[in-house]
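Observations on the model geometry
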Amino acid sequence: MCGIVFLRLLKPPEYYVEKYGTGFYAIGKMHLLMEKMQNRGQDGAGVVNIKLDPAPGKRYISRSRSNAAKPVQDVFDHVNSRFKELGKDDPAKLKDGDYLKENFAFTGEVWMGHLRYGTYGGASIEHCHPFLRQNNWMTRCLTVAGNFNLTNVDELYDLLINLGQHPKERSDTVTVMEKIGHFLDLENEQLFQKFKQQGFGNKQITQLIAESLDVRKILKNSAQDWDGGYAMGGIFGHGDAFVLRDPNGIRPCFYYIDEEVVVVASERAPIMTAFGINRPDLVKEVKPGHALIVKKSGAWSEVEVKKPAKKLACTFERIYFSRGSDRDIYNERFDLGRCIAKKVACDVSKNAVVGYIPNTAETCFYGFIKGFEEYLDAQRIKDILRLQEEGKLDEPALQALFTDRPRYGKPLIKDTKARTFITSDAERENMVALVYDITYDIAKHGVDTVILIDDSIVRGTTLKTSVIRILSRLEPKKIVIVSSAPQIRYPDCYGIDMARMSDFCAFRAAVALLKDHDMEDVLQIVYKKCKLQEHLPKEQVRNCVKEIYEPFSPEQISQKITDLLKPPDLKCELEIIFQSLEGLAESCPNHHGNWYFSGDYPTPGGNKVVNRAFIYYMEGNNARAY
């Protein structure tokens, strides 16, 4: 899960100096946009900048990448460092936009930035976007950055080999860049031959190619075999640029355009903050299967590149990843809490303390409060009518009714700002024990139930090794963990690091239930079905792993998850409750991508990945399935 930013200035450099009083308008906006999206990537960051119409012999592409502890800050420290001497020697030139563009890097009109979560692949700076494919012909230069995962990298790699290429590595980023690069080269060659036959000289042809490149055609040819979720940005050396979104709209992508800028980002709220936009409707979504194309001239269009399919935008974005300051995400997280409150009502009374972890669950917590207060109001009305009918309605009775409510607080405090879910496998167990602490004496020993709202439960590592053990130090009567997300049962292969079946506590629970019920043969039956489909075209593959869960209700699996995650020395009761698929749909009515919960993958490659993940599990292979 990563973040992308694109910025195109539509006015000359001096315009921004005159209006905003700075020669570094674009640098400031890019820095702010990327700071506001650090929720999407803390393991690496990078920016690339391209100058339009440079003189021959002048560098026109600048790039800075970092995998430092604070990569965004490190990138912009590097970008800004080159202007310090100028500020001492001739500060007036810091407001000379034309001078800056002529003499300094990172002063061009076209920008692209990337924030990386390094959940897969190496941690070196070479894995940080944007990637660069250089050439002496500007119209053949290409830089790309994306928030994406493709399920069929091997297939695409083989296609490049068959084209005669020699890719330097088998990764989806390199594969995508080389695929676009191939058709960019092809388009250049076809245009060169066309204009050559018309009698133009080479220098004229270079300019004509820059004006005539068909970006849509290049993208259409490049993306026809892609299977996955993606928001892919790219800039050609002469200044044409694009951001392409997958046909199902799996990965998010938003844009805003006025007379000064074209800006694109993975989230809407950072655009609104960076550019002072108060109306959410002014920030548009790039339509699924479409590309926002900005030509060197500044002309822009949103065009169809791949036929849009059923929109299945990722619901995990809504539950966990995206910034909660977005209007729609705030409302959806609130409703997730409000919806699940009904399932927990029996555990909530004046002898209960309700809190939340991590910070992304805060809005859900407020929704839970609202949902439970609504439940209490309905119960009080019934009790008042009953007491009135029985002739027992008096002040003490009313007092008892209106004081029977839980206490809301923070029984658990997160000390370290870290996402253990997105931490590498080797570091996760060491980290979780350091992340949390309790608020002492917030609960009455042996009397109170401690209820904790969590946004999601994937592996259960944090719960078992840290959260439940720490909460037990409060000596409650019972601990209830409430997940605002349904049970995560299947791998994600579109950008979230959920790759192996054994990682999922829901899968481990289903396997344990099969053993408890003497149904272990189901594992072998499903394994054989997966093996039979292993070499079929992805379009013919179906998700066989669903059969692992079919014998059991969600409640049975939740109970077994509770058993598996309960520390053996825990003295109090423990219950783990999950959101239902129906509750998810009710809370996020416009986002239906729920494959990690339901097994209903949006692309054929997803079914192939989940079957392969199960094959690997059965064969004891710890490799990732994509």
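Above: the structure in question.
This write-up is about the structure you can find in this document.

About the thresholds
Residue positions are given per chain, counting from 1 as you read along its sequence in written order. In keeping with the predicted nature of the model, local features appear solely for residues at pLDDT of at least 70, side-chain atom pairs appear and are counted solely at 80 or more, and the whole-chain, interface and lining totals rest on all residues. Side-chain calculation: all heavy atoms of the structure are included, whereas hydrogens and water are not. By definition, any uninterrupted DSSP run of H or I lasting at least four residues is a helix, any uninterrupted run of E lasting at least two residues is a strand, and each is numbered from the N terminus. Two things to know: the radius of gyration comes from C-alpha atoms, and the globule rule equals 2.2 Å times the number of residues to the power 0.38. Each residue is assigned to one of three classes by its accessible area relative to the maximum for its type, calculated with a 1.4 Å probe on protein chains only: buried under 20%, partly exposed between the two thresholds, exposed over 50%. Contacts between residues were defined by any pair of non-hydrogen atoms, one from each residue, lying within 4.5 Å. Here the accessible surface of atoms and residues is derived via Shrake-Rupley with a 1.4 Å probe, and residues count as covered only by protein chains that are part of the display. When charges are counted, Lys and Arg contribute as positive and Asp and Glu as negative, whereas His and the chain ends are disregarded. A charged residue contributes its charge at one atom only: NZ of Lys, CZ of Arg, CG of Asp or CD of Glu. One speaks of a salt bridge when a side-chain nitrogen belonging to Lys or Arg is within 4 Å of a carboxyl oxygen belonging to Asp or Glu. Interaxial angles span 0 to 180 degrees and are taken between N-to-C directions of axes, which are lines fitted to C-alpha atoms, for helices over the stretch in contact. Our angle categories are set so that under 35 degrees counts as roughly parallel, over 145 as roughly antiparallel, 65 to 115 as roughly perpendicular, and the remainder as oblique. All residues other than Ala, Val, Leu, Ile, Met, Phe, Trp, Tyr, Cys, Pro, Asp, Glu, Lys and Arg, Gly among them, are scored as polar; the first ten of these are nonpolar and the last four charged. Helix span, as expected, comes to 1.5 Å for every residue beyond the first. As used in this record, nonpolar core signifies buried Ala, Val, Leu, Ile, Met, Phe, Trp, Tyr and Cys residues forming a set joined through side-chain atoms within 4.5 Å. The criterion for strand pairing is that DSSP finds at least two bridges linking the strands in question.

With respect to the overall build of the protein
In terms of helices and strands, the protein carries 23 helices and 20 strands. For 626 residues, the compact-globule formula gives about 25 Å, and the C-alpha radius of gyration of the protein, at 27 Å, lands near that figure. C-alpha extents for the protein along the principal axes are approximately 100 × 65 × 45 Å. Expressed as a percentage of the 626 residues in the protein, the buried residues total 58%. If you take every contact in the protein between residues at least 6 apart in sequence, the share linking residues at least 24 apart comes to 74%. Total accessible area on the protein is roughly 26500 Å²; 49% of this is exposed by carbon and sulfur atoms. With 85 positive and 84 negative side-chain charges, the protein shows a spacing of 3 Å between the two charge centroids.

Observations concerning the pattern of salt bridges
Inspection of the entire model under this criterion finds 45 salt bridges. Lys217 is the salt-bridge partner of Glu187, the closest N and O atoms lying 3.3 Å from each other. Within this pair, whereas Glu187 is found in helix α7 (residues 172-197), its partner Lys217 is found in helix α9 (residues 215-223), the two being separated by 30 residues in sequence. For Lys217, a relative accessible area of 34% gives the class partly exposed. A salt bridge links Asp328 to Arg327; the nearest nitrogen and oxygen atoms lie 3.0 Å apart. Accessibility expressed as a relative area gives 44% for Arg327, which makes it partly exposed.

Details of the packing of helix α2 (residues 25-35) against helix α3 (residues 71-81)
Two elements in contact, α2 and α3, have axes whose closest approach is 10 Å; the angle formed by their N-to-C orientations is 170°. Judged by the inter-axis angle, α2 sits roughly antiparallel to α3. Residues Ile27, Met30, His31, Met34 and Glu35 of α2 form the contact with α3, whose own contacting residues are Val72, Gln73, Phe76, Val79 and Asn80. Among the residues making up the contact of α2 with α3, the classes are represented as six nonpolar, three polar and one charged.

Thoughts on helix α13 (residues 362-390)
Note: α-helices contain 3.6 residues per turn, so residues at a spacing of three or four share the same orientation. Across its 29 residues, α13 extends 41 Å between first and last C-alpha, which sits within 8% of the 42 Å expected from 1.5 Å per residue. After α13 finishes, the residue Gly391 shows a positive phi value of roughly 75°.

What about the nonpolar core?
Counting 96 residues, the largest nonpolar core has Phe316 and Ile548 as its most contacted members. Broken down by element, this core gets its largest block of residues, eight residues, from helix α17 (residues 505-516). Membership of the second largest hydrophobic core comes to 37 residues, among which are Val72, Val79, Tyr256 and Ala265.

Description of the sheet that holds strand β3 (residues 61-66)
The antiparallel open sheet is built from seven strands, whose spatial order is β3-β2-β4-β1-β10-β9-β11. Among the strands making up the open sheet, the edge pair consists of β3 and β11 (284-285). When strand β2 (residues 44-50) meets β3, the two strands line up antiparallel, connected through six bridges. What sits directly across from Asn49, in β3, is Ser62. Of the strands in this sheet, β1 (3-9), β9 (254-257) and β10 (261-265) are in contact with helix α10 (residues 268-275), which crosses β10 at around 145°.

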